[in-house]
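The residues making up each chain are set out below.
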Amino acid sequence: MSEAQDPKRMMERAFPTSDGATPMMAQFLELRGQAPLDALLFYRMGDFYELFFDDAVRAAEALDIALTKRGEHQGEPIPMCGVPVHNAQAYLSRLIKAGFKVAVGEQMEDPAEAKKRGAKSVVKRAITRIVTPGTLTEDDLLDARSANRIAALARLATGEAALAWADVSEGVFQSSAVPEGALEAELAALNPAELLVADEDARLASALCPASTVTPRVRAKFDAASGERRLKQRFEVASLDSFGDFTRAEIAALGCLLDYLELTQAGAPAKLSAPRSMAAGAAMAIDPAARVSLEIDRTMAGSRKGSLIDAIDRTVTAPGARLLAERLARPSTDLDAIGARHDAVAFFLETRELREQVRARLKSAGDPARALSRLCLNRGGPRDLLQLARALREGERLNADFARSPRSRPPVLVASQLEAVSLAARPGLAALVQDVERALVDEPPLLTRDGGFVRPGWAPGLDELRKLKDESRRVVAGLQKTYADQSGVASLKVKHNNVLGYFIEVSAKNADALMGVEPFIHRQTMANAVRFSTPELGELEAKIASAGERAIALELEIFEELRARVEALSDSVRAAAQGLAELDLASAAAQWAEEAGACRPRVDDSGAFEIEAGRHPVVEAALRRQAERFTPNACRLDASGEAAARLLLVTGPNMAGKSTFLRQNALIAILAQAGLFVPAASARIGLVDRLFSRVGAADDLARGRSTFMAEMIETAAILNQAGPRALVILDEIGRGTSTYDGLSIAWAAVEHLHAVNRCRALFATHYHELTRLADELEACGNVSLKAREWKGELVFLHEVQPGPADRSYGVEVARRAGLPAAAVKRAKEILKRLESDDTPAAALSDLPLFSAVQAEPESRPSAVEERLKAIDPDGLSPREAHELLYVLKGLVAKDG
Ligand SMILES: Nc1ncnc2c1ncn2[C@@H]1O[C@H](COP(=O)(O)OP(=O)(O)OP(=O)(O)O)[C@@H](O)[C@H]1O
């Protein structure tokens, strides 16, 4: 973070008082006082947004634009920079990405109005919006395929905690109580762009959510009683009970969030759906370390490419992609909901033709949820209207496709979404769609400002005005001819610019023919041309301008009428948008299932975890690209320890596929409960309420933790929190410390998981001593990954077999990685000693020192090999090839 937007330093800024300020500067300082201190103020001046004082200094640095000066205030020059209005979005985007917030101070009246009040009066301005990372709605500021959430964390004095969150671009407004210890997992699932917290929690929030912009609010904003009042007022209800059961902490969080949204949207509050409480435990909790190590929505290196979502996403719309991301972030724990989602995927898997039809239709559905939100916030344009209408029309067509399809009885989830996107049942919406389609041109401009989006024939008044404009053009052409005849200057032209309006232009040598002659009035003399006007041209100008203005005003009226109708029907529009996203997701899931050969998992409330021929979707896809095959593997666990082991120790050589095996089983659980099919021949999964994974060591230097410390903190969290329904994946814990310490920790962790947590667990380890535990603990088993030595080479079979691994092959892997031959030889020697003796200390006591070992000469390629390498077989004639054979034979004789 550059110093410029350091939140703490932003809050400490001071602006001068308005003593002695010019009227404009006084107004600026007044607005500056109204805008939050941690936001920059964009002050609209005509075609520019100007920034002054400290705002200018920071913005100029962040945007790398010139910092200039404008006049003086209290004897000091005023720092200033500015961005053109027509390009403001691009600058805004850069500032928001750099972590800034921006208050937009707009002109609230026409400058001409202000002039009427006196020459020195200042145009009225007001803050119309505060743009913050969590409250964006513009397409070019948002990532189309991921949600943009703002969250508020309330922690009451009673110890109770809750999160509320909204996605302003979609109108989502929800909350959830947060049980102790679950905060980090909840925040990781939400991944908010901006997080509101009470002042004193700011530090905690920054640590928990390093990727979010943390916005501290005074504690009073989290008062539950005033939050309740605010919510009731906003949603016009006498009691919040009708929306569900909220804890006091949830109400506090929702209230604070609503207050902030009202503040940032300055009078045009976002259209939010009624608040909904997500019961704690409605989703599988996935701890942040697991989320990172399983590479669900991004790889450890931070890219989407190579993540689970990238491998399986076949959605064709941005809302469908966002829904998929949401499902993977919070896999469900509701058996009915999971079953219904599986039914929908199964349906689309069986009805291939219909699926293809649905996917083709959805491609033109766009992003109705975000268009709706912009329209409700008065930030939408004609394209948003049209996008909505098109999406709704596609919904209607989908219904027709289904009606024609031979499989006309889709499962409940599909049927209900079809119902949500049906226009037949909603005449108001149907009429609106039809009107928008008829009223707007096929490719309207983005903004309403310049008009030109209403289709000819829609409004007779508008057509009249436009005709007037067209006719005037013909009149201009006629006048040009008249004036040319009158003056005898055949080259005379009638032209137009914004300063003179319509004018006559003749070359300098022809000017005398018009100078002082009625009706020509001299206006301007240029180097080569002279310009004149006439009263008639003046009248025409006024007529055209007023026709143009009236036409735009009329278009705006038409837009506003349609927009208001959308707003009035926003609940059904939102339901339809949601329906389209669901249909996209279900059909995309079927598409992926077909491509990947995924099966329908059985999720129930047993303690089973039975996967036959499971695969890792990302590794498999990567291998396929290299024309290699992934070896499927079974995994059987049982929480009760009856049908299978509760805890499996996984051993095998390095590179044999242990981590892949662990990860694939965790991913299968996530996919199954996200309502998707799983890459396996069959799968039965007893509901997982919490997934813990500690795979692959990564330093957490940002939080000042070494690899080993980070690993122990995560292991501690697992041993402290995993309940009987949890699924735990542990990979090589304890390896970051001395052998004995590591082994002891791993040993104790296995015993603890087995006896205390009693949850299903996969535990990969290199400590072969641990495999003995399977004999001692009743519900602990061993599996291992096979490797074979073949002609002196180590071959990985990637096959999981019962029983522990016989040996580790670590030295062999090191050899393959290119360790010098001498080091490999030495390692083999040491290993032999260690394995033959009881204690490592005894084994090493009489080992010759390294210096005693002769460095093995590195093997060099022979002359024959060198020569062979240099040959280009295609460039040789048969004769040359024959000759070369003799040469090579000669070389072999020499080498020998
Ligand atoms: N089932 C499989 N089928 C085919 N290839 C596999 C399979 N599992 C793993 N691999 C390949 O083997 C590589 C190593 O796998 P993985 O990282 O899981 O090994 P590991 O045993 O955990 O190694 P280490 O102990 O060194 O961490 C993978 O990148 C992948 O290319």
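Residues numbered from 1 in each chain as written. Predicted model: local features only at pLDDT ≥ 70, side-chain atom pairs only at ≥ 80, totals over all residues.

So, helix H23 (residues 658-673)
So, step 1. With 16 residues, H23 extends 23 Å between its outermost C-alpha atoms, agreeing within 8% with the 22 Å of an ideal straight helix rising 1.5 Å per residue.
So, step 2. Among the 16 residues in H23, 16 count as buried, and that is most of the element.
So, step 3. Positive backbone phi, at 90°, marks Gly 675, one or two positions downstream of H23. (Helix = DSSP H or I, 4+ residues; strand = E, 2+ residues; numbered from the N terminus. Expected span 1.5 Å × (residues − 1). Buried ≥ 20, exposed ≤ 12 C-beta atoms within 10 Å, placed from the backbone.)

Quick look at helix H17 (residues 412-420)
So, step 1. Among all positions in H17, only Leu 413, Val 414, Gln 417 and Ala 420 are buried. Burial along H17 is one-sided: seen end-on, the buried residues are contained in an arc of 120°.
So, step 2. Here the buried face of H17 lies against helix H13 (335-350) and helix H21 (570-596). (Arc of directions from axis to C-beta. Contact = placed C-beta atoms within 7 Å.)

Observations concerning the site of the ligand
So, step 1. Contacts to the ligand come from 14 residues, most closely from Asn 654, Gly 657, Ser 659, Thr 660 and His 798.
So, step 2. Elements with a minimum of two residues in the shell around the ligand: helix H22 (617-625) and H23.
So, step 3. Looking at which element gives the most residues to the shell around the ligand, the answer is H23, with 3 residues.
So, step 4. Of the residues belonging to the shell around the ligand, the class tally is 5 nonpolar, 8 polar and 1 charged. (Near = placed C-beta within 6 Å. Nonpolar A, V, L, I, M, F, W, Y, C, P; charged D, E, K, R; others polar.)

Things to note about the pairing of strand S17 (residues 529-533)
So, step 1. Bridge analysis of strand S15 (residues 501-507) against S17 gives 4 bridges, and the strand direction is antiparallel. Residue pairing for S17: Ser 507 is matched across the bridge by Ala 529.
So, step 2. Count of turn residues in the strand S16 (residues 521-525)/S17 antiparallel hairpin: 3 residues. (Pairing = 2+ DSSP bridges.)

Observations regarding the sheet that holds strand S12 (residues 276-277)
Two strands in a sheet stick together by hydrogen bonds in their backbones, pointing the same way (parallel) or opposite ways (antiparallel).
So, step 1. With mixed pairing, 6 strands are arranged side by side in an open sheet as S11-S10-S7-S8-S9-S12. The open sheet terminates on both sides in strands that have one partner only, identified here as strand S11 (213-217) and S12.
So, step 2. By the bridge criterion, 2 bridges tie strand S9 (residues 172-177) to S12 in an arrangement that is parallel. Within S12, the position partnered with Gln 174 by the bridge is Arg 276.

Points about the sheet that holds strand S26 (residues 780-790)
So, step 1. The strand order S13-S23-S24-S25-S21-S26-S27 describes an open sheet built from 7 strands, whose pairing is mixed. The two strands at the open ends of the sheet, each matched to only one other strand, are strand S13 (285-286) and strand S27 (793-802).
So, step 2. Two elements, strand S24 (residues 726-731) and strand S25 (residues 760-764), share 5 bridges in a ladder whose sense is parallel. When the bridges of S25 are listed, Leu 730 appears paired with Phe 763.
So, step 3. Taken strand by strand, helix H25 (residues 739-757) contacts strand S21 (647-651), S24, S25 and S26, and its axis lies near 150° from that of S21. (Axes fitted to C-alpha atoms, helices over the stretch in contact; angles between N-to-C directions.)

Brief notes about the nonpolar core
So, step 1. Judged by nonpolar contacts, the single largest core of 190 residues is most densely connected at Ala 253, Leu 257 and Val 728.
So, step 2. With 13 residues, the single largest contributor to this core is H21.
So, step 3. In this view, Val 728 contacts Phe 692, Ile 718, Ala 722, Leu 753, Cys 759 and Ala 761; residues no more than four positions away in its chain are not counted.
So, step 4. Listed in part, the 28 residues of the second largest apolar core include Leu 41, Ala 56, Ala 103 and Ile 127. (Core = buried A, V, L, I, M, F, W, Y, C linked by C-beta atoms within 7 Å.)

A word on the packing of H13 against H17
So, step 1. Two elements in contact, H13 and H17, have axes whose closest approach is 7 Å; the angle formed by their N-to-C orientations is 85°. Relative to H17, the element H13 lies roughly perpendicular. From H13, Ala 340, Arg 341, Asp 343, Ala 344 and Phe 347 reach across to H17, where they touch Val 412, Leu 413 and Val 414.
So, step 2. Looking at the contact of H13 with H17 residue by residue, the class counts come to 6 nonpolar, no polar and 2 charged. (Parallel < 35°, antiparallel > 145°, perpendicular 65-115°, else oblique.)

Take it as geometry only, folks, not as evidence of what the structure does.
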